[in-house]
Amino acid sequence: MSEAYAFDADAERTAAAVLDRVAGVLPADGSPYPLHAPRIDGKAWTYVKDCLDTGWVSSAGGWVNRFEAMLAEATGARHAVATVNGTSALHAALLVAGVRPGDELLVPAFTFVATANAIAYCGATPHFVDCEPDGLGVDPDALEAHLGDIATHDGHVLINQHTRAPIRALVPVHCYGNPANMPALCAVAAYHGLPVVEDAAESLGSSIAGTHTGLFGQAGILSFNGNKTVTTGGGGAILTDDDSTARELRHLTTTARAGDGRELEHDAIGFNYRLPNLNAALGCAQLEGLDQSLVDKRALAVRYKLAFHRLDGVRFVDSPPWGTTNNWLSGIVFDDPVARDLARARLAAAGYETRPFWTPLHRMPMYAGHPRADLHTSERLGACGLTLPSGPALAAAH
C-alpha cells in the first residue's frame, strides 16, 4: 500500500466517523439540518403586527427604545444603541473611538470579513494578528510578542516601525460566540495605550467572570442577522458603559441631527444607521426567548462534545477556560484538512449543512498586502475547521 493511499484511507475513516458521530446527535431522518435556522415564536407576530397596524415601521418608534432597554438589561450594559446591522455598528464604534484614515488597527486574520471591512470604511488599515487554538480569539502572548518586534512608542502613539503608521486600536473578535481572552488582551492594550473595540457580533449570551462580551473596552458590537442567536432580520447594536461614547454614537448613527432634529439641521457627516422599528419589534420577541435559546444551544453543544470525545484526529471547540460561550456555532477542528473536506461532503449528502471555518483575511485579494504577524494558527484553523448544525430548535432532535 502506498503512503498516499494510506493517507487517504485514514481521511476516509475519519470522515465516516464524523458522520456517525453527528448522526448520533442529530439522527438522519430524511429532513435537512440547516446550519442555524432562526426560531420565530413567542409574541413575534403580535409585536410586528403592531408596527404594521400603527404605521411605525421605520427608524423611529417605541419598539426601538424597548429593544435597546431589553438588550441593555440582557447584557448588563449601561447603554445599547441599535443599528441596521453589525457592520454599521462596528464602523460607528471605530469612528467614535478616534480611528482616522491612515491608522492601522490590530485585528485577527481569523474572523468574518465584515470586521476588516468596517476598518477599511474608516480609511484605516487592518493589521492582522494571530489567534489562539482554544477560544479562537486573538492570542495575547503572540500579540505582545508581535508588538515587541514591530512597534515603537512615539510619545503617546504606538507606531508600526515598518510602515510608520500609527497603530490606533485593538479589535478583538469573539469567534463563533467563544469569548476571546479579554482580561489578558485588555492588559496588552492598556500597556500600549490602545483603546479596545470588541467585535462581539456572534456572542450574545457569552461572558467572562460574569461580564458580558462587548463590555471590556470602550465599546462592543452585536449582530442580529438572520442566523444569529437573536435575530431582527438584519440589525446590530453597540454596547458601552460610557455615557459620552453613547451620546456620540446615537448622534452619529442618526445622521448627526442637531438639536431636537425637527428642523433637519445636521452638524457633522453622520450615517443613517438606526434600526427600523419593524426589526426592533421582532428583536423584542426574540430577546424574550433568549434564555431558553441559550439553554437549548448549550444542551446541543454538550451532546456534540460527548460525541466527539476521544475521536482521533478531531477536536471539539469547547468553551475556553477563561469564559462561557453562547455556543452560537458548534465547531470541530480536524488534524487533516483532507479529512475535513471529505467529512463535509459526507455530511452534506446526508442532509447536514456545515460550513468551513473562515478563510483567513490575509488570503483574500483586497487584504493580501496588509501588515501582519505570523499567522500559523489562523492558517491551520481556516484549513481544518468545520461548523456544525447549531440552531436552538435542534436540541429537541433525538
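Residues numbered from 1 in each chain as written. Predicted model: local features only at pLDDT ≥ 70, side-chain atom pairs only at ≥ 80, totals over all residues. Heavy atoms only, no water.

Draft legend 1. Focus on the nonpolar core. By size, the foremost hydrophobic cluster in this structure holds 41 residues, and its most contacted members are Val18, Leu26, Phe110, Tyr176, Phe308, Ile332 and Phe334. Of all the elements in the fold, those that place two or more residues in this core are α1 (3–25), α10 (290–307), β12 (314–316), β13 (331–334), α11 (337–349) and α12 (376–384). Among the elements that line this core, the one with the most residues is α1, at six residues. Apart from residues lying up to four places away in sequence, phenylalanine 110 is in contact with Cys131, Leu136, Cys175, Tyr176, Phe357, Trp358, Ser378, Leu381 and Gly382. By size, the runner-up hydrophobic cluster in this structure holds 33 residues, among which are Val96, Val113, Ala116 and Ile119. (Core = buried A, V, L, I, M, F, W, Y, C linked by side-chain atoms within 4.5 Å. Buried < 20%, exposed > 50% of the residue type's maximum accessible area, 1.4 Å probe, protein only. Helix = DSSP H or I, 4+ residues; strand = E, 2+ residues; numbered from the N terminus. Contact = heavy atoms within 4.5 Å.)

Draft legend 2. Quick look at the packing of aromatic side chains. All chains considered together, the criterion is met by eleven aromatic pairs. Taking 6.2 Å as the distance between ring centres and 75° as the angle between the ring planes, the aromatic pair formed by phenylalanine 110 and tyrosine 176 counts as edge-to-face. Note that phenylalanine 110 is positioned in the loop between β2 (104–108) and α5 (113–121) and tyrosine 176 in the loop between β6 (166–170) and α7 (182–191), a separation of 66 residues in sequence. For the pair shown, phenylalanine 110 and tyrosine 176 are each scored as buried. Through pairs of rings, three or more aromatic residues link up here, namely Phe110, Tyr176, Trp328, Phe357 and Trp358. The residue whose ring lies beneath arginine 66 is tyrosine 47, and the NZ or CZ to ring-centre distance is 5.0 Å. (Phe/Tyr/Trp six-rings, centres within 6.5 Å; stacked < 30°, edge-to-face > 60°. Lys NZ or Arg CZ within 6 Å of the ring centre and 35° of its normal.)

Draft legend 3. Here's a closer look at the pairing of strand β11 (residues 236–240). Counting buried residues in β11 gives five out of five residues, a clear majority hidden from the surface. Here β11 shows a buried face lined by Gly236, Ile238 and Thr240 and a second buried face lined by Ala237 and Leu239. The pairing of strand β10 (residues 219–223) with β11 spans four bridges and is classified as antiparallel. Across the sheet, residue leucine 222 finds its bridge partner in β11, namely alanine 237. (Pairing = 2+ DSSP bridges.)

Draft legend 4. Here's a closer look at α11. With 13 residues, α11 extends 19 Å between its outermost C-alpha atoms, agreeing within 8% with the 18 Å of an ideal straight helix rising 1.5 Å per residue. One side-chain oxygen of the residue at the start of α11 lies 2.9 Å from the amide nitrogen of valine 338, identifying that residue as aspartate 336. Two residues or fewer past α11, glycine 351 is found with a positive phi of approximately 100°. (Expected span 1.5 Å × (residues − 1). Polar contact = N/O pair within 3.5 Å; in protein donor to acceptor, adjacent residues only side chain to side chain.)

Draft legend 5. The arrangement of the sheet that holds strand β14 (residues 355–356) in detail. Taken in spatial order, the four strands make up an open sheet running β12-β13-β15-β14, and their pairing is antiparallel. Looking at the sheet topology across the chains shown, the edges are occupied by β12 and β14. Pairing of β14 with strand β15 (residues 385–387) involves two bridges; the strand directions are antiparallel. Bridged to proline 356 within β15 is leucine 386. Here α11 sits on the sheet in contact with β13, β14 and β15, set at roughly 20° to β15. (Axes fitted to C-alpha atoms, helices over the stretch in contact; angles between N-to-C directions.)

Draft legend 6. Up close: the environment of alanine 151. Tracing the backbone through its elements, the reader meets alanine 151 in strand β4 (residues 151–154). As for alanine 151 and glycine 205, which are separated by 54 residues in sequence, their C-alpha atoms are 35 Å apart. Residues contacting alanine 151, with those up to four places away along its chain left out, are Leu158, Ile159, Gln161 and Ile167.

Draft legend 7. Fine view of the sheet that holds strand β1 (residues 79–83). Spatially, β1-β11-β10-β7 is the arrangement adopted by the four strands of the open sheet, whose pairing is mixed. Each having just a single partner strand, β1 and β7 (197–199) make up the two edges of the open sheet. Neighbour to neighbour, the strand axes of the sheet diverge by 20° on average, direction disregarded.

Draft legend 8. Up close: the pattern of salt bridges. Counted by the stated rule, this structure contains 15 salt bridges. When the shortest N-O distance is used, the salt bridge between aspartate 296 and arginine 39 registers 3.0 Å. Of the two residues, aspartate 296 sits in helix α10 while arginine 39 sits in the loop between α1 and α2 (44–54), which places them 257 residues apart along the sequence. The closest approach of N and O atoms between aspartate 243 and arginine 78, which form a salt bridge, is 2.5 Å. A residue pair is termed long-range when its members are at least 10 positions apart, and aspartate 243 in helix α8 (residues 243–253) and arginine 78 in the loop between α3 (62–75) and β1 qualify at 165 residues. The class for aspartate 243 is partly exposed, based on a relative accessible area of 30%. Taken together, the salt bridges that share partners define one network made up of Arg39, Asp41 and Asp296. (Salt bridge = Lys/Arg side-chain N within 4 Å of Asp/Glu carboxyl O.)

Draft legend 9. Structural context of the layout of surface pockets. In this structure, the largest pocket encloses a volume near 430 Å³. Together, 26 residues line the largest pocket, and Phe112, Glu202, Ser223, Asn225 and Lys228 are the ones closest to its centre. Where the lining of the largest pocket is concerned, the elements lending two or more residues are α4 (86–96), α5, β10 and β14. Sorting elements by how many residues they give to the lining of the largest pocket places α4 first, with three residues. (1 Å grid on protein atoms, 1.4 Å probe; cavity = no way out; pocket = protein on both sides within 12 Å on 5 of 7 lines; lining within 4 Å. Points joined across faces, edges and corners; volume = space filled by probe spheres on them.)

So far we have only geometry, and geometry alone does not tell us how the molecule works.
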